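Here is what each chain is made of, one letter per residue.
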Amino acid sequence: MNFSKPSYFTNRDLSWLEFNSRVLEEAMDETVPLLERLGFISIVSSNLDEFFMVRIAGLKEQVDSGYDVPDAAGLNPARQLSLASGKMHEMTALQYKCYMDLLGQLEISGIRIIDYSNLDGRQENYLEDYFDDIVMPVLTPMAVDAGRPFPFIANKTVNIAFLIEKGGVKNHAIVRVPNVIPRLIKVPDGLNGETYIFIESIIIKRAQELFKGYDILGSTCFRLTRDADLSI
C-alpha cells in the first residue's frame, strides 16, 4: 500500500475543527444540564481563541511568505486557510444560534440577561450608583487620531469603539471593558430568579460622562486575538 497518497491523510487543522464541532454538539444536546451546556459554549470559544492565535496565525504567515508546499493531505497553506475559514463560519453561526436558544431557556428557568432599555427605574438608579462608584474609576478612554499613536489593544480583551464629534470634527475613541469587574452585573429584581446585565451595556449608556463636550454618534464592541505563534 502506498501511504504517500494524500487521500490517506487528514489535515490536522481541519481535524481539530471537527473536534471543536463535537464540543459544540455537547452544548446543543438537550439531555445535558442547562448550565453545563453554557459551559460547553464557552469552551468552544476559548478553543477557537487558541486556534486563531496559533494555527491560523501560522497559516497566515506561511501564505504571506509565499510558502506553497502541500501537507500530507495534499493541501497548501492557502487552501487550508480557506477550508478552515468556511468551517469556522459555519461553527460560529451554529454556536450563536445555540447561545440564543440557551438564553431563552435560562429565562424560563428564572435567569434573565437583559439590555439597559429593559431596566425599570429602581434598577437604573442602582446601576447609576454602581457605575459612579465601581466602574467609572477604572475606565480609561483612549483617543484615536492623527496626533496620537494607535493605542495598544491587549489580547482577548473586550473593548468598545466610539465615534465622537465636536465642532464638526469626527474622531474615534476606545474604552477597554475592565476585567477587574465581573462582566455580568446582578441587578435587583422583584421577580423570582435572578437578573443580570452586561457591563458594556452600562458603559455605553453612560458614555457621555466619559466624553463631555462631544456628541456620541455610534458605538460597537469588539474583541482582539493576537498572533501567538512561535516563529522558528
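Our structure's up above, just so we're on the same page.
Now for a description of the structure that goes with this document. (Residues numbered from 1 in each chain as written. Predicted model: local features only at pLDDT ≥ 70, side-chain atom pairs only at ≥ 80, totals over all residues. Heavy atoms only, no water.)

**A few points about the sheet that holds strand S5 (residues 184-187)**
As a reminder, the rule being used: In this scheme, strands are said to pair when DSSP sees at least two bridges between them. Strands are runs of DSSP state E lasting at least 2 residues, helices are runs of H or I lasting at least 4, and numbering of each runs from the N terminus. Helix axes are fitted to C-alpha atoms over the stretch in contact, other axes to C-alpha atoms as well, and angles between N-to-C directions run from 0 to 180 degrees.
Taken in spatial order, the 3 strands make up an open sheet running S1-S6-S5, and their pairing is mixed. Of all strands in the sheet, those with a lone pairing partner are strand S1 (111-114) and S5, marking the two edges. Here the strands of the sheet are splayed against their neighbours by 35° on average, with no regard to which way each runs. Note: S5 against strand S6 (residues 194-198), 4 bridges, orientation antiparallel. Across the sheet, the residue bridging to Leu 184 is Phe 198, located in S6.

**Quick notes on the pattern of salt bridges**
Rule in force here: Whenever a carboxyl oxygen of Asp or Glu lies within 4 Å of a side-chain nitrogen of Lys or Arg, that contact is scored as a salt bridge. Think of it in three bands: residues with accessible area under 20% of the maximum for their type are buried, residues over 50% are exposed, and the middle band is partly exposed, with areas taken using a 1.4 Å probe on protein chains only.
For the structure on display, the rule yields 9 salt bridges. The partner of Glu 18 in a salt bridge is Lys 87, and the shortest N-O contact between them spans 3.1 Å. Pair noted here: Glu 18 is in helix H1 (residues 12-28) and Lys 87 is in helix H3 (residues 77-108), with a separation of 69 residues, a long-range link. Given the relative accessible area of 30%, Lys 87 is considered partly exposed. Two residues, Arg 223 and Asp 49, come together in a salt bridge whose shortest N-O distance is 2.7 Å. With Arg 223 in strand S7 (residues 215-223) and Asp 49 in helix H2 (residues 34-64), this residue pair connects regions lying 174 residues apart in the sequence. Arg 223 gets classed as partly exposed once you look at its relative accessible area, which sits at 42%. You can call Asp 49 buried: its relative accessible area is 12%. By sharing partners, the salt bridges in this structure join Asp 132, Arg 206 and Glu 209 into a single network.

**Notes on the side chain of Arg 37**
Stated precisely, the cut-off is as follows: Positive charges are assigned to Lys and Arg, negative charges to Asp and Glu, while His and the chain termini are left out of the count. Only heavy atoms enter the contact rule, under which two residues are in contact if any of them lie within 4.5 Å.
Its place among the elements puts Arg 37 in helix H2. There is no salt bridge for the buried Arg 37, and the closest opposite charge comes from Glu 30, which lies 5.4 Å off by N-O distance. Residue contacts for Arg 37: discarding those within four places in its chain leaves Glu 26, Ala 27, Met 28, Asp 29, Glu 30, Val 32, Leu 102 and Gln 105.

**Here we look at the sheet that holds strand S2 (residues 141-144)**
Sheet strands pair via backbone hydrogen bonds, and the direction of the pair is either parallel or antiparallel. If you walk across this open sheet you meet the 4 strands as S2-S4-S3-S7, and the pairing is antiparallel. Strands at the two margins of the open sheet, each flanked by one partner only, are S2 and S7. Across the sheet, the mean angle separating the axes of adjacent strands is 25° when strand polarity is ignored. Note: strand S3 (residues 158-166) against S7, 8 bridges, orientation antiparallel.

**Remarks on the nonpolar core**
Defined as follows: Residues belong to one nonpolar core when they are buried, are Ala, Val, Leu, Ile, Met, Phe, Trp, Tyr or Cys, and are joined through side-chain atoms within 4.5 Å.
Residues Leu 127, Val 135, Ile 185, Ile 197 and Ile 203 are the most contacted members of the largest nonpolar core, which totals 25 residues. Elements represented by at least two residues in this core include exactly helix H4 (121-135), S3, strand S4 (169-176), S5 and helix H5 (199-205). When sequence neighbours within four positions are dropped, the list of residues in contact with Leu 127 reads Tyr 116, Leu 119, Ile 185, Val 187, Ile 197, Ile 202 and Arg 206. One finds Ala 27, Ile 41, Leu 59 and Cys 98 within the second-largest nonpolar core, a separate group that totals 18 residues.

**Quick word on the environment of Lys 156**
Tracing the chain through its elements places Lys 156 in the loop between S2 and S3. Classification of Lys 156 by relative accessible area gives partly exposed; the value is 42%. Spatially, the C-alpha atom of Lys 156 lies 22 Å from that of Arg 37, the residues being 119 residues apart in sequence. In this structure Lys 156 touches Asp 49, Met 53, Arg 223, Leu 224 and Thr 225, once residues within four positions along its chain are discounted.

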